[in-house]
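Listed here are the chains, written in short residue letters.
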Amino acid sequence: MATKLLGERIKRKEDPRLIQGRGHYVDDFRLDGMVHMVFVRSAHAHARIKSVKTDAARAMPGVVEVLTGADLQGKLGLVPCAVAMEGLKIPEHPCLALGEVRYVGEPVAAVIAAEPYAARDAADKLEVDYEPLAAVVDPEKALDKGAPRVHEKFPDNLAFLAKLEAGDWKAIEADAGLKAIKARFVNQRLAPASMETRGVVASYSPGEDTLTVWSSTQIPHLLKTNLAVMTGTDEARCRVIAPEVGGAFGSKLNVYGEEGVACFASKKLGRPVKWIEGRRENLQATIHGRDQINELEVYARPDGLIVGLRCRVIADLGAYHQLLTPAIPTLTALMIVGSYKIPNVFVETKGVFTNKMATDAYRGAGRPEATYIIERAMDLVARELKMDPVDVRMKNFPESKEFPLALATGVTYDTANYQKTLKKVLKLGGYGKLRREQERLRKKGKYIGLGLSTYVEICAMGPSSRMPAGGWEYGTVRVERTGKATVLSGTSPHGQGEQTSFAQIVAEGLGIPYDDVTVYHGDTAVVPLGIGTFGSRTTAVGGTAIHLATERLKKKMARIAAHKLGVKPGELVFEDETIRTPDGSKSMAFAEVVNEAYNATSLPPGIEPGLAEQSVFEPPNYTFPFGAHLAVVEVDAETGEVRLRNYYAVDDCGRVLNPMLVDGQIHGGLAQGIGQALWEEHVYDENGQLITGTFMDYAVPKAPHFSWFETASTETRTPVNPLGVKGVGEAGTIASTPAIVNAVMDALAPFGVRHLDMPLKPEKIWRAIEKGRARAA
Amino acid sequence: MITEPFGYHAPKSLSEAVRLVAQFGADGKVLAGGHSLIPLMKLRLASPKHLVDIGGISDLSYIREDGDEIQIGATTTHFRIESSDLLKTKCPLLPETAGEIGDAQVRNKGTMGGSLAHSDPAGDWPAAILALDAEIQAVSARGERWIPAREFFVDLLATALKGDEILTAIRLPALPSRAGDAYLKLHHPASGFAVVGAAARLVLGENGSIERAALGITGIGPKAYRAAAVESALAGKSPTTKRLEEASAHAADGVDANSDLYASAEYRSHLARVYTRRAIEKALERAQERTDGR
Ligand SMILES: Cc1cc2nc3c(=O)[nH]c(=O)nc-3n(C[C@H](O)[C@H](O)[C@H](O)COP(=O)(O)OP(=O)(O)OC[C@H]3O[C@@H](n4cnc5c(N)ncnc54)[C@H](O)[C@@H]3O)c2cc1C
């Protein structure tokens, strides 16, 4: 019997080395002659740079170079933004500030020395003379006439205005039978805060004229192209390596100025240059996530059917565009109807410049905001109409037979059964029983709350027509002479575990042991083409490329075997390291076929020697995973503290290749989504100073913050790819935030509290309760 | 996150440490667990020219019972206190408090002496030490002295220790009969420090009334304090729900409460009152259990 691999809980190939501290991250690479770089960053949110004096810094022991914006001008390209949008303002974004700084943490100069300590000490000696300018921090105020401008060359701070409009709004407005439910939500700014900060080693070799870059990145191939262009290096002489990457969450789906400066400096000095980001820098100057204000109107019939949704989105983009900055809030509009068939939709999105770090993709990237809007809206509708939140959701779900389903937002959902996941989570959590317990406890002055989120998300990014730099993915499967299989993927996993799941695909396909398959990714000299890992695409798009390459290789091996065995190639099966007819009457060992392929003495006509096949998969559509989550919280009415009592998650991410990997993604995602609901906020004061600049103030969730997560799944495959997989990298984050807020608002219902913005800090809740009590008295 | 340059010294004896501290004066700093000092140095908010690491002085790390007293060496880690069987029976407030500090790594490195010497306004030990009426031993080339806890915490990050003194030990009375302790804390979600921490010790009289109450409160003001008004409102009274409530209402009296992104002064004061009441209730319950011989 062949061992079954797909769908099994196979332990991760990645873990032994990572758990034992034997993996290699960027900082573990030490090259001969390597020098160390630190950045001097702006302490001002907005200021003119009058002068930068480098002499004292240069005079410090061990210093080999000091670079300022002026040194790079015309020699190093700008930080790229890949987004093309009608009317989008793209400010010039130099790798080191030139003339003006526009956010706290903006790099102003780079100091390079023989030792990191020497570089750091010398950085303190750099003298920058600033003339402070008025800063604009609040995105709504930034839109006021006469507000200080972040970029003088633009007439205002509006970076773009995008509209999505569908349906018959005149009819909606004329319909007196509809109830309009309004709300305003602030989706606060967050820090991705990956455990490994950013880091880069750039090594230019003058003899070979090659540039090799180790970077903690999610997109080595795209980074290679961009660094080649920025530094004026022949791309064929550039190589980017993403070694172990200790978390990214979207923040390393980018091309950063610091990477450009490292390459420039290495070329200038002819020596390897290393930069390792500190935690404070990471919180200041690695992209931030979210930061939207949403003004919402929902139109519902008295029976709970929602017929219209209108939303004004103000998206705080920060001072400059990073790679995808302006595209992120447009994903909010795309997914705003969630899992409900709402025919009339209007979304107006304003992208706004402020004197803050750029926002960009952070786990979920625009979709958590959409899910928050629609899932909070469902609960507000339920409360307004005095319905159970379950019933409002059931009322608005499409039936599973309606899929593929084209929505007013312009996307076509592939497959779903929303009713099934919702029913399953209600059963898992014992919803009816919980509601009765809630009633009982309220009478005793104890307040528990139940919160649902029946989310849908958009994954497997994506069809190239809708992506800024292609949405395909590359894969190679090669069987070596010894029968071991080497897999190359253009994706760049950094914790997700595809060295495991891709090996499962190949081992099961070829009928060889799982341990005989090794997966490589993240090195542009090893993997010819690639896009990277983001947008829950790695398995659905990259895994499909691996699957297709495996199929091609099997076809070839079957032809070789068939030629020997005198059978038709199509009838051969691959199992237990043999290739045989289904009845087993004729067979060849896998190893024998490999020998035939490499020795090439009697190959069938038209078959080339060797065993390596590749595939580039272009996805015809996105995929749309979905699920239903139920949070149970307890609010201490005396202090406002929230305790997470239970969390139930039923997720449908299509076909599951390895349930353990899915659990890992869900758990981590839940932690981040719950973190946003309860604890995390990245806060600037009115002068643009970052006041959550260390982990003393920025609350990254930790294990003791959570109760046990109970997870379950349903499996609705997608026809978008032959594996039937959808993606799960962001589901937990997307789903959990509104589930928690809905639960807390449900707990606070007896006090007449309708909405509080995140994070739901105890003081906020305490005040709302006190106010409710005063109103009642 | 790189510190400024500094010299590192690892004396093997207390006398050598005392000599080095005197020699470096304002340029030197004692290093214990490093879990408050090193972060400050990495942020370049502190830049001592010399560190005198007392971690290698073996006779500064101990937990000892001495008659009715407990004595703890300055470099005893939070974890050792948290897991001490002796303390769990003789002074359970200490393991309970230790268990609330930071995370496992912090408790494995951080020391009680370091924590007291640092006197973080949101640190946990000061509350317990105040409630227990502990005494703190300071040693310098000039000799040694014992400082009562009430006199030890002077202001924000400032203690009664002189620049040349090393904190060497903490001594405190064991839990008397008919007494109960409790430490309750609201953790800041980022730092893990106390937004409020209330340490209570209650000693009951033979008739079940409160003979003596001691309340140490941290996290609220610039330094930890004894809630004297609460204590006097309880002393000699029978512990009715109403009385506990009324007494606790004085928990933040006269305190200039901190305000930050997480909690305003008003809310902090409210928390001080609620946590004080709950700590007293819990200490009372425990005292009653012990008195009943349960
Ligand atoms: C992530 C994190 C979370 C934390 N959470 C908490 C928490 O929840 N609650 C809490 O109370 N604390 C917390 N702490 C602080 C921790 O308890 C520290 O260990 C403690 O505050 C200082 O002890 P230390 O031994 O590390 O002292 P060090 O950092 O070595 O020293 C602190 C200061 O005291 C001085 N000093 C140290 N020992 C002596 C001595 N014997 N004599 C004279 N001076 C001395 C030093 O010179 C320095 O100024 C946390 C720390 C971290 C890093």
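Everything numeric here is computed off the predicted structure, so don't read it as measured data. (Residues numbered from 1 in each chain as written. Chains lettered and ligands numbered in written order. Predicted model: local features only at pLDDT ≥ 70, side-chain atom pairs only at ≥ 80, totals over all residues. Heavy atoms only, no water.)

1. Things to note about the overall build of chain B
Helix and strand content of chain B: twelve helices and 14 strands. Its C-alpha atoms give chain B a radius of gyration of 19 Å, within 12% of the compact-globule value 19 Å for 294 residues. Evaluated residue by residue, chain B yields a buried proportion of 53% over its 294 residues. Long-range contacts, defined here as pairs at least 24 residues apart, represent 63% of the contacts in chain B between residues at least 6 apart. (Helix = DSSP H or I, 4+ residues; strand = E, 2+ residues; numbered from the N terminus. Rg over C-alpha atoms; globule rule 2.2 N^0.38 Å. Buried < 20%, exposed > 50% of the residue type's maximum accessible area, 1.4 Å probe, protein only. Contact = heavy atoms within 4.5 Å.)

2. Focus on the interface of chain B and chain A
If you look at the interface, chain B gives 25 residues, while chain A gives 31 residues. Across the chain B/chain A interface, buried area totals approximately 2300 Å², and carbon plus sulfur atoms make up 56% of it. Ranking the residues of chain B by area buried against chain A places Ile2, Leu261 and Tyr267 of chain B at the top, with a combined share of 26%. Viewed at the interface, chain A and chain B are joined by six salt bridges. Across the pair Arg278 of chain B and Glu638 of chain A runs a salt bridge whose closest N-O atoms are separated by 2.8 Å. On inspection of chain B and its partner chain A, the count reaches 15 residue pairs in polar contact (both at pLDDT 80 or more). Of all the elements, helix H12 (residues 265-291) of chain B adds the most residues to the side of chain B that touches chain A, at eight residues. (Buried area = accessible area lost by both parts, 1.4 Å probe. Salt bridge = Lys/Arg side-chain N within 4 Å of Asp/Glu carboxyl O. Polar contact = N/O pair within 3.5 Å; in protein donor to acceptor, adjacent residues only side chain to side chain.)

3. Here's the deal with empty space enclosed by the protein
All names here are of chain A. Per the counting criterion, the structure on display carries three cavities of 30 Å³ or more. Its volume calculated, the largest cavity comes out at about 80 Å³. Lining the largest cavity are 13 residues, and of these His93, Tyr103, Pro107, Gly257 and Glu258 lie nearest its centre. Residue composition of the lining of the largest cavity, by class: eight nonpolar, three polar and two charged. Reported here for the second largest cavity is a volume of approximately 70 Å³. Lining the second largest cavity are Arg290, Asp291, Gln292, Ala315, Asp316, Leu317, Thr325, Ile328, Pro329, Thr359, Asp360 and Glu369. Among the elements of the structure, strand S13 (289-300), strand S14 (306-318) and helix H10 (328-334) are those that each provide at least two residues to the lining of the second largest cavity. Class assignment of the residues belonging to the lining of the second largest cavity gives a composition of four nonpolar, three polar and five charged. (1 Å grid on protein atoms, 1.4 Å probe; cavity = no way out; pocket = protein on both sides within 12 Å on 5 of 7 lines; lining within 4 Å. Points joined across faces, edges and corners; volume = space filled by probe spheres on them. Nonpolar A, V, L, I, M, F, W, Y, C, P; charged D, E, K, R; others polar.)

4. Looking at the domain arrangement of chain A
Residues and elements named next belong to chain A. Domain boundaries in chain A define domain 1 (15-20 + 462-617), domain 2 (31-133 + 193-285) and domain 3 (414-459 + 622-777). The distance between the C-alpha centroids of domain 1 and domain 2 comes to 38 Å. Both faces combined, the contact of domain 1 with domain 2 buries some 1400 Å², and carbon together with sulfur accounts for 55% of it. Seen at the junction of domain 1 and domain 2, the total is two salt bridges. In this assembly, domain 1 and domain 2 are joined by six residue pairs in polar contact (both at pLDDT 80 or more). Grouping the amino acids of the side of domain 1 that touches domain 2 by side-chain chemistry returns nine nonpolar, eight polar and two charged. (Domains from an automatic or database assignment.)

5. A look at the domain arrangement of chain B
All names here are of chain B. Partitioning chain B into domains gives domain 1 (7-53), domain 2 (61-173) and domain 3 (179-292). For domain 1 and domain 2, the distance between their C-alpha centroids amounts to 19 Å. In this complex, domain 1 contributes ten residues to the contact, which on the side of domain 2 involves 14 residues. When the area that domain 1 buries against domain 2 is broken down by residue, the three leading residues are Leu14, Val18 and His35, summing to 45%. Inspection of the region where domain 1 meets domain 2 yields zero salt bridges. Applying the counting rule to domain 1 against domain 2 returns zero residue pairs in polar contact (both at pLDDT 80 or more).

6. Quick notes on the layout of surface pockets
Residue and element names in this part refer to chain A. If you add up the space inside the second largest pocket, you get close to 470 Å³. Lining the second largest pocket we find 18 residues, and of these Val186, Gln188, Asp291, Lys356 and His682 sit closest to its centre. Secondary structure elements with two or more residues in the lining of the second largest pocket: helix H5 (139-142), strand S8 (179-190) and S13. Sorting elements by how many residues they give to the lining of the second largest pocket places S8 first, with four residues. Its residues assigned to classes, the lining of the second largest pocket shows seven nonpolar, two polar and nine charged.

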